[in-house]
Amino acid sequence: MNTEHTPGEQPEDPSTEKEAVDIGAFFRERGEAAATPQGFRCGYIAIVGRPNVGKSTLMNVLIGAKVSITSRKAQTTRHRITGIQTHDDAQFIYVDTPGFQTRHSNALNKTLNKTVSNTLTASDVVLFIVEAGTFGPADQQVLDLLPKNVPVILVINKSDRMKDKATLMPFAQKVASLRDFTAIVPVSAKLRFQVDALEREIRTHLPENPPIFGPDDITDRSEKFLAAEIVREKVFRLLGDELPYTSTVLIEQFLQEGNLRRVFAAILVERDTHKSMIIGNKGARLKEISTQSRLDMEKLFGGPVYLEIWVKVKSGWADNEAGLRAYGYE
């Protein structure tokens, strides 16, 4: 522990000279030792895979709270989302990454792929998520990105969907032959099947470290950021494939007055036709987006929320690198 010491006064008799003692540091160190049990483990776990294999759902289940948005629409996650789960003997810091993008090469997708690559190099453990019974070129592209010097656990998600359970083992063996995985764990994030077993496996590979975050922290993201993600999730969930991938949400104001939060959000789209889709007949769809978003925010923030949403047209935002940074993309 690096502690800045203030030199003490020199004793008059050199024969009785002793090393100066920083009393404050002594008690701080004792306090840290008491708070962190011996053998405590803490580290970063990257969750990676092609789009729509259930990465965000798995992370939400692992931490016991919804901090990463989900939908059936592929490529929903666009940011590096940190979810934190703390137990008496370990702190798990999960990092949900965007699905690695292979279909389009605009500035947005290049930024998302860079996020994935940066996360991998800084992780202590990697969870490589595949969908049970399915392994294609997009999965292989993600597998090729994984670092060789980091433990990689193969997580076969949606295993409950396989009608013939006897085919699960041959599928696992097929994928396992592509790399020397640390472990293979079939799970169903939606049903919480084998999630505890996965957590136990992860813990064995975390380094011995004191906790980085507080015991009650569940994410390092701000409420403002989470509010934007909640609105974006509702847009994707309620419009499905109608709305193109290139839409985002910008929180223009986030105010807190006591327990009340006032949120003013703008949904950015590229065309007037997209704006009409979101607003819907007589504003019905936008009203539904607002209602569902507000209810989710109130549940997550633990208090009342006043929410206003506008829809704005901003052509070409997804292929403008400077604009992407302004909208919070790394």
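Small disclaimer: the values here were computed from a predicted structure and weren't measured. (Residues numbered from 1 in each chain as written. Predicted model: local features only at pLDDT ≥ 70, side-chain atom pairs only at ≥ 80, totals over all residues. Heavy atoms only, no water.)

Across its full length, the protein holds 10 helices and nine strands. Expressed as a percentage of its 330 residues, the buried residues of the protein come to 46%. Partitioning the intrachain contacts of the protein with sequence separation of at least 6 by distance along the chain shows that 71% fall at a separation of at least 24. Carbon and sulfur atoms provide 49% of the accessible area of the protein, an area that totals close to 17,200 Å². (Helix = DSSP H or I, 4+ residues; strand = E, 2+ residues; numbered from the N terminus. Buried < 20%, exposed > 50% of the residue type's maximum accessible area, 1.4 Å probe, protein only. Contact = heavy atoms within 4.5 Å. Areas by Shrake-Rupley, 256 points an atom, 1.4 Å probe, with all protein chains shown as cover.)

This part is about the sheet that holds strand E3 (residues 90-96). Strands sit in the order E2-E3-E1-E4-E5-E6 across an open sheet of six strands; the sheet is mixed. Each end of this open sheet is capped by a strand with a single partner; those strands are strand E2 (81-86) and strand E6 (183-186). Neighbour-to-neighbour, the strand axes of this sheet turn through a mean angle of 25 degrees, independent of strand direction. Bridge count between E2 and E3: six bridges; the pairing is antiparallel. Across the sheet, the residue bridging to threonine 82 is valine 95, located in E3. (Pairing = 2+ DSSP bridges. Axes fitted to C-alpha atoms, helices over the stretch in contact; angles between N-to-C directions.)

Now for the packing of helix H7 (residues 223-239) against helix H9 (residues 284-301). Where H7 meets H9, the axes come as close as 9 Å, and the angle between the chain directions of the two elements is 140 degrees. With respect to their mutual orientation, H7 and H9 come out oblique. Crossing of H7 over H9 shows right-handed handedness. Between H7, through Glu223, Leu226, Ala227, Ile230, Val231, Glu233, Lys234, Val235, Leu238 and Leu239, and H9, the contact on the second element is made entirely by Arg285, Glu288, Ile289, Gln292, Ser293, Asp296, Met297, Leu300 and Phe301. Each residue belonging to the contact of H7 with H9 can be placed in one class, and the counts come to 11 nonpolar, two polar and six charged. (Parallel < 35°, antiparallel > 145°, perpendicular 65-115°, else oblique. Left-handed = near helix turned anticlockwise from the far one by under 90°. Nonpolar A, V, L, I, M, F, W, Y, C, P; charged D, E, K, R; others polar.)

The next point concerns the environment of isoleucine 218. Here isoleucine 218 lies in the loop between helix H6 (195-203) and H7. On the basis of relative accessible area, isoleucine 218 is assigned to the partly exposed category, the value being 29%. The spatial distance from the C-alpha of isoleucine 218 to the C-alpha of glycine 64 is 8.7 Å, given a sequence separation of 154 residues. Setting aside anything within four residues of it in sequence, one finds isoleucine 218 in contact with Ile63, Ala65, Val67, Thr82, Gly83, Ile84 and Leu300.

A few words now on the packing of helix H8 (residues 272-279) against H9. Between two packed helices, both the angle of their axes relative to each other and the distance between the axes serve to describe the pair. Close contact between H8 and H9 brings their axes to 5 Å; oriented N to C, the two are set at 65 degrees. With respect to their mutual orientation, H8 and H9 come out roughly perpendicular. Between H8, through Met277, Ile278 and Ile279, and H9, the contact on the second element is made entirely by Ala284, Arg285, Leu286 and Ile289.

Mean pLDDT over the protein works out to 78, with 72% of the residues at or above the 70 mark. Predicted confidence is poor over residues 1-21, with pLDDT under 50, and the contacts of this stretch with residues over four places away or in other chains come to 12 contacts. In this model, residues 23-34 is a region of pLDDT below 50 whose contacts with residues beyond four sequence positions or in other chains number six contacts. (pLDDT = per-residue confidence, 0-100.)

Overall, the coordinates contain 13 salt bridges when judged by the stated rule. Aspartate 196 is the partner of arginine 192 in a salt bridge, and the nearest nitrogen-oxygen pair spans 3.2 Å. Residue class for arginine 192 comes out partly exposed when judged on its relative accessible area of 42%. As a salt-bridge pair, arginine 261 and glutamate 223 come within 2.6 Å of each other at their nearest N and O atoms. Here glutamate 223 lies in helix H7 and arginine 261 lies in strand E8 (residues 260-269), a separation of 38 residues in the sequence. Of the residues examined, arginine 261 reaches a relative accessible area of 6% and is grouped as buried. When salt bridges with common partners are traced through the structure, they connect Arg50, Glu131, Asp139 and Lys158 into a single cluster. (Salt bridge = Lys/Arg side-chain N within 4 Å of Asp/Glu carboxyl O.)

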